Amino acid sequence: MSTHTKLPDPATDVPPDEEPIATCPHCERPFRSVHARDLHVGELHEDAATDTERERHERAIETERDDLWLFHAKAVVALGITYSSTVILYMVVLGTF
Amino acid sequence: MTDRPGFGRFGAGGRRVTRAVGRAGLRLGPWPLLVALVGTASAHSGSLAGATASATVPTWLTVLTGGIVVGATFLFTTLLTDHDAMRDVNWWRLTVPVPAKPRRALVWVGRLVSVGILVLVLVTGLTGTTTPTQNFALLAIWAGWWAGYTMTTYLAGNTWPALNPFRAVATLLERAIAAVSDPSTGAADADGTRGGTDPNAGGSDRRTDGGMATVSGRALTTRTIPERWGVWPAVVGLVAMVYVEVVSPIGSDPRALGLTVAVYGVVTVAGALVYGESWFARVDPVSRVFATYGRVAPVQRDADGFSVRLPGTAATESVLPDRPGETEFVVALLWVTTYDGLVSTPLWARLLTPIAEAGVPAHLVYVSVLLAGFGVFLGVYRLASRKIRERADTYVAVDEIERWFAPALVPIAAGYHVAHFLGYFLTLAPALAAVAAAPFAPPNTVVLVLPDWFGSVKLACVLLGHVLAVWVAHSLAFELLPGVLAPIRSQVPSVVVMVFYTMVSLWVITQPYVAPPFV
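Scoring rules and cut-offs
- Residues numbered from 1 in each chain as written.
- Chains lettered and ligands numbered in written order.
- Predicted model: local features only at pLDDT ≥ 70, side-chain atom pairs only at ≥ 80, totals over all residues.
- Helix = DSSP H or I, 4+ residues; strand = E, 2+ residues; numbered from the N terminus.
- Buried ≥ 20, exposed ≤ 12 C-beta atoms within 10 Å, placed from the backbone.
- Contact = placed C-beta atoms within 7 Å.
- Rg over C-alpha atoms; globule rule 2.2 N^0.38 Å.
- pLDDT = per-residue confidence, 0-100.
- Nonpolar A, V, L, I, M, F, W, Y, C, P; charged D, E, K, R; others polar.
- Expected span 1.5 Å × (residues − 1).
- Pairing = 2+ DSSP bridges.
- Axes fitted to C-alpha atoms, helices over the stretch in contact; angles between N-to-C directions.
- Parallel < 35°, antiparallel > 145°, perpendicular 65-115°, else oblique.
- Left-handed = near helix turned anticlockwise from the far one by under 90°.

K.L.:
Tell me about the overall build of chain B, residues and numbers included.
P.N.:
The number of helices and strands found in chain B is 23 helices and three strands. The 519 residues of chain B split such that 54% are buried. Residue pairs in contact within chain B that sit at least 24 positions apart in sequence constitute 79% of those at least 6 positions apart.

Structure, rendered in structure tokens:
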């Protein structure tokens with residue numbers, strides 16, 4: 001169950017009037033934020049990463065976790081609203097409300 | 001010529017043959033039972049309106065519910081953020097090694113059978129009975145092949161590279177030419193290289209270089225299709241094919257169908273001889289359609305055999321190759337499937353009538369809408385890709401994003417296809433079996449009557465395709481972008497597009513069938 005096709009590295013396109021905010025020191029891929037670069041280094045170059053890079057990756061994950069919690073809270077509320085309004089809509093349309 | 005069995009795979013073809021059956025029954029007279037059966041069958045397979053009305057859920061609510069389900073699926077998927085767990089699901093596979101020798105033997109048995117069927121189709125198409133439900137060519141091509149076989153390419157695996165009778169004929173011809181022009185090397189080389197074109201090879205273009213190209217390099221002048229054309233020839237071919245299907249009588253006239261198959265066959269064999277393997281990979285729309293559907297199939301071709309995957313997960317491991325027309329082909333497949341349904345809705349007939357009566361040639365309207373719709377679909381997909389780039393705050397190139405997420409469109413097309421054709425296939429399967437047993441003296445056939453609840457099955461298929469598409473896009477986003485939030489946020493534009501597309505396609509399949517008018 002181990003063999004899988006590795007997806008190719010995606011081609012990037014930096015606008016000519018823009019200087020990338022961060023670049024991966026391992027594969028030269030440009031990023032629009034240091035946060036994204038730190039995550040990338042930890043995910044794709046885990047073995048080659050230096051201690052500082054690992055630490056930065058840890059911190060980036062922490063930030064993600066906090067933001068993700070808020071995002072998920074919103075998603076769950078949205079699901080609840082969607083669900084209940086669908087039920088009410090069906091009750092109205094089918095005439096049992 | 002209003003009653004056409006239809007170009008099985010792309011459209012509301014089911015209704016067309018059923019209607020043709022009805023007509024045949026009336027004309028033949030002594031089969032009132034058949035007519036009665038058929039009347040019920042077309043009411044059921046032809047329209048979901050009956051099924052939805054009996055549950056007293058109006059069409060608009062059915063359509064809206066579809067949109068809600070897709071949107072809610074996205075919200076649920078955002079809760080799944082463990083990349084490693086996702087990979088465990090997507091990368092799970094059961095490898096079934098099959099040695100080259102038995103595989104090659106199996107391929108040649110398959111090819112022998114498929115060439116035999118092709119000959120039968122040509123003979124019965126050009127000389128057989130013209131009663132649609134008794135003609136082997138019509139039933140085999142539309143019900144058996146375009147509906148039934150196409151379903152196997154995404155529900156099981158793409159076997160077309162192995163079974164393609166035209167490929168088999170081209171291979172044999174090539175060997176013959178190679179043997180004549182250079183008797184010492186031709187045959188031996190052919191044997192040594194042939195294994196590479198086995199099952200599913202066409203499912204991935206990276207693997208399709210085996211076999212034929214090598215031999216044609218020796219035997220014939222291998223011309224090459226300009227690289228900058230990419231797979232655009234196949235895109236043009238697909239759109240042209242659907243146009244022919246909608247406006248020509250090949251759906252109900254066995255002679256026209258036989259002739260079309262013959263012309264297609266000559267062109268395909270000639271193309272394969274001149275251009276080698278790249279003909280099937282870049283020009284032949286039929287091979288491309290099956291290869292595209294094969295991307296989501298559970299059985300995939302591996303280096304030394306086959307592997308069994310969870311449905312759809314193979315698409316999370318392959319982005320489209322970097323060449324012109326790849327994205328466009330997938331979008332075109334989705335559009336032509338929709339178009340074929342669209343031109344057989346009552347709304348289309350209502351809109352077209354005043355235009356045609358004002359003197360505008362109907363064919364022009366059909367072509368314009370076909371091309372304009374393709375442009376709109378492509379435009380919306382490109383716009384969504386640009387939005388994905390903005391929302392993900394990434395430097396990944398826009399055309400890379402387009403190619404990256406295009407495989408997620410395939411389950412949608414497959415779900416739509418199965419919604420259209422499962423009923424059609426089941427309805428005509430008894431007729432196909434009876435006629436296949438005696439193609440030259442076809443017995444009188446009956447059709448299967450599908451139960452009322454089958455309408456809900458069709459709705460479920462469309463929804464299932466979309467739900468799978470949300471998962472595939474979600475997985476691909478995690479492979480493309482770092483972290484968790486960027487991949488999730490990037491999916492919002494495509495989900496918005498998917499919600500609208502679900503609603504449009506559900507609306508189309510809930511519409512009663514009206515044969516495309518004025519053609």
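Following the structure, the description resumes.
K.L.:
An account of the overall build of chain A is needed here, citing residue identities and associated values.
P.N.:
Scanning chain A for helices and strands turns up two helices and two strands. The linear arrangement of helices and strands in chain A, starting from the amino end, is β-β-α-α. Taking 97 residues into account, the globule formula puts the C-alpha radius of gyration at 13 Å, and chain A, at 22 Å, lies well above it. When its C-alpha atoms are laid out on the principal axes, chain A stretches across 65 × 35 × 30 Å. In chain A, the proportion of contacts linking residues at least 24 apart, taken out of those at least 6 apart, comes to 5%.

K.L.:
Please set out the confidence of the model for chain B residue by residue, giving values where relevant.
P.N.:
Residues and elements named next belong to chain B. Confidence along chain B averages 82 in pLDDT terms, with 82% of residues attaining 70 or more. Of all the helices and strands in chain B, helix H2 (residues 32-46) carries the lowest mean pLDDT, 34, while helix H15 (residues 285-294) carries the highest, 96. A low-confidence stretch, residues 1-55 stays under pLDDT 50, and its non-local contacts, those more than four residues away or across chains, total 147 contacts. Scored as a whole, the predicted complex attains pTM 0.84, and scored at its interfaces, ipTM 0.91.

K.L.:
Give a detailed account of the interface of chain A and chain B, specifying residues and quantitative values.
P.N.:
If you look at the interface, chain A gives 31 residues, while chain B gives 31 residues. Those elements that place two or more of their residues in the side of chain A that touches chain B are strand S2 (30-31), helix H1 (34-44) and helix H2 (51-93) of chain A. Among the elements that make up the side of chain A that touches chain B, the one with the highest residue count is H2(A) (11 residues). When grouped by side-chain class, the residues that make up the side of chain A that touches chain B number 18 nonpolar, eight polar and five charged.

K.L.:
Lay out helix H6 (residues 100-127) of chain B in plain terms, naming residues and giving numbers.
P.N.:
The end-to-end C-alpha separation of H6(B) is 40 Å, in line with the 40 Å expected for 28 residues at 1.5 Å each. Looking at H6(B), one finds that the buried residues are B:Val107, B:Ser114, B:Val121, B:Thr124 and B:Gly125.

K.L.:
Explain the sheet that holds strand S2 (residues 299-302) of chain B to me, using residue names and the numbers behind them.
P.N.:
Residues and elements named next belong to chain B. Pairing is antiparallel in the open sheet, where three strands are placed in the order S1-S3-S2. The open sheet has two edge strands, strand S1 (93-97) and S2, and neither has a second partner. The average angle at which neighbouring strand axes cross in this sheet is 25°, direction not considered. As judged from the five bridges shared by S1 and strand S3 (residues 305-309), these two strands associate in the antiparallel manner.

K.L.:
A description of unusual backbone geometry should follow, citing residues and the corresponding values.
P.N.:
Although it is not a glycine, A:Glu28 sits at a positive phi angle of roughly 70°. Following the sequence through the fold, A:Glu28 ends up in the loop between strand S1 (22-23) and S2. Taking the number of C-beta atoms within 10 Å as the measure of exposure, A:Glu28 has 10 and is therefore exposed. Its identity is not glycine, yet B:Asp393 carries a phi of approximately 55°, on the positive side.

K.L.:
With reference to specific residues and values, describe helix H18 (residues 362-392) of chain B.
P.N.:
Here H18(B) spans 45 Å end to end across 31 residues, near enough to the 45 Å set by a 1.5 Å rise per residue. The secondary structure elements touched by the buried residues of H18(B) are helix H12 (232-247), helix H16 (326-342), helix H19 (398-405), helix H22 (485-490) and helix H23 (492-510) of chain B.

K.L.:
Give me the lowdown on the pairing of S2(B), citing residues and values where you can.
P.N.:
Residues and elements named next belong to chain B. Across four bridges, S2 lies against S3 in antiparallel orientation. Directly across from arginine 301, in S3, lies its bridge partner phenylalanine 306. Hairpin connection, S2 to S3: the antiparallel pair is bridged by two residues.

K.L.:
Describe the packing of H16(B) against helix H20 (residues 410-437) of chain B, with residues and values.
P.N.:
All names here are of chain B. Where H16 contacts H20, the two axes come as close as 9 Å, and the packing angle between them is 25°. Classified by the angle between their axes, H16 and H20 sit roughly parallel to one another. For H16 against H20, the interelement crossing comes out left-handed. Across the interface between the two elements, Val330, Leu333, Leu334, Thr337 and Gly341 from H16 touch Val410, Ile412, Ala413, Tyr416, His417 and His420 from H20. Partitioning the contact of H16 with H20 into residue classes produces seven nonpolar, four polar and no charged.

K.L.:
Outline the environment of B:Ala332, supporting the account with residue identities and numerical values.
P.N.:
Residue and element names in this part refer to chain B. Residue placement: alanine 332 occurs in helix H16. In this structure, the C-alpha to C-alpha distance between alanine 332 and leucine 378, residues 46 residues apart in sequence, is 8.0 Å. The residues contacting alanine 332, other than those within four sequence positions of it, are Val235, Leu238, Val239 and Phe374.

K.L.:
Residue-level account of the packing of H16(B) against H18(B), with values.
P.N.:
Axes are the key here: two packed helices are described by the angle between their axes and the distance separating the axes. Residues and elements named next belong to chain B. Close contact between H16 and H18 brings their axes to 9 Å; oriented N to C, the two are set at 130°. Comparing their axes, H18 and H16 come out oblique. In this structure, the crossing between H16 and H18 has a hand that is right-handed. On H18, the residues that touch Glu328, Val331, Ala332, Leu334, Trp335 and Tyr339 of H16 are Leu370, Gly373, Phe374, Phe377, Leu378 and Tyr381. Taken together, the residues that form the contact of H16 with H18 break down as 10 nonpolar, one polar and one charged.

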